[in-house]
Amino acid sequence: MATVMERENLLVDPVSVAMGARITGIDLSAGYDAATVVELRRLMREHHLLVLPDQELTALELEAFGRIWGDLLTHPATKHKDTDYVQFIGGKDRLFKFSPGYKEIRGGWHSDMTWHSTPPHITGLHAQILPSKGGDTAFANQHLAYQTLPEETKERIADLKAFHSGKVFGPDVEDSIHPIVRTHDETGEKALFVNTNFTKYVCDVSDEESDRLLMQLFFHSQRPEFCYRHAWNIKDLVLWDNRSVMHYAIADYDEVRIMNRIVVKGDRPK
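These figures come from a predicted structure and were not determined experimentally. (Residues numbered from 1 in each chain as written. Predicted model: local features only at pLDDT ≥ 70, side-chain atom pairs only at ≥ 80, totals over all residues. Heavy atoms only, no water.)

Colleague: Just give me the short version of the sheet that holds strand β13 (residues 227–230), but keep the residues and values in it.
Modeller: Sheet strands pair by backbone hydrogen bonding; their relative direction is either parallel or antiparallel. Strand order in the open sheet formed by 3 strands is β13-β7-β15, with antiparallel pairing between adjacent strands. A strand with exactly one partner marks an edge of an open sheet, and here the two such strands are β13 and β15 (245–249). For this sheet, the mean angle separating the axes of adjacent strands, direction not counted, is 20°. Note: strand β7 (residues 137–141) against β13, 4 bridges, orientation antiparallel. Across the sheet, F139 pairs through a bridge with Y228, a residue of β13. (Pairing = 2+ DSSP bridges. Helix = DSSP H or I, 4+ residues; strand = E, 2+ residues; numbered from the N terminus. Axes fitted to C-alpha atoms, helices over the stretch in contact; angles between N-to-C directions.)

Colleague: Can you lay out unusual backbone geometry for me, pointing to particular residues and giving the numbers?
Modeller: Here H48, not a glycine, exhibits a phi torsion of approximately 75°, which is positive. With respect to the helices and strands, the residue H48 is situated in the loop between α1 (34–47) and β4 (49–52).

Colleague: Help me get a handle on the pattern of salt bridges, residues and values and all.
Modeller: Taken as a whole, this structure holds 17 salt bridges when the rule is applied. Put simply, E39 and R42 hold a salt bridge, and the shortest N to O gap is 2.9 Å. With E39 and R42 both in helix α1 and 3 residues apart, the pair spans about one turn of that helix. Given a relative accessible area of 9%, E39 falls into the buried group. Relative accessible area serves as the criterion here: at 29%, R42 is assigned to the partly exposed category. One salt bridge connects E209 with R156, and the closest N-O pair in it is separated by 3.3 Å. Here the residue E209 occupies a position in helix α5 (residues 207–221), and R156 occupies one in helix α4 (residues 151–157), the gap between them amounting to 53 residues. On the basis of relative accessible area, E209 is assigned to the buried category, the value being 16%. In this structure R156 comes out as partly exposed when scored by relative accessible area, which is 37%. (Salt bridge = Lys/Arg side-chain N within 4 Å of Asp/Glu carboxyl O. Buried < 20%, exposed > 50% of the residue type's maximum accessible area, 1.4 Å probe, protein only.)

Structure representation (structure tokens):
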């Protein structure tokens, strides 16, 4: 059973071995002082993902909270009616069925907006409406993914870069080239930084070598040992470090599922 630790009046309860902590004892709608912000930042560095339950936040309040982490990015695909800096995710019946020809299942393991020249360093999702069953989100710790690679693979990818495309969101969305192994700009830890949604090829190697290497890294990065699966409750706010965590929205529901999302601008990956 996880040990609950009290820090700065916050209760911190790890949610899995791989990553993540549930934080209680805070009501963001009532305000937060500088010490609380410092502690949340520290906890993010330690746990890579924070679950803050029962947060009653409007879209504008979520935006304001996001700005304590840095400048916010907009997204080309979706915006909330109240602000361009909160994304409205969902809102329609999405009948995902596991039968050929019925409906394509979109999604996959990814870090948000890796096609951007300065991808988000923090993503936050705030649950608004949930299906009665399903709709979990899985998260994978990419520090663990890197640490458990064979040494020869670490040496092979140490200086390689990969091309990330955002054209799925429109012809004017930028593409970027980033290191396959990213160094966290706050902790100095290394993490894998490729994903099935946006990483298209490895630069400066043959097509065959690129395909083989990416396939190996994709499969390794998603191992269950690196993962935490979050079962949502209404008003959960989940924040994670996009530099070190991938996620997968599990499409196993046939009811409305609505989330508000913020993405906080990061640095250029190194």
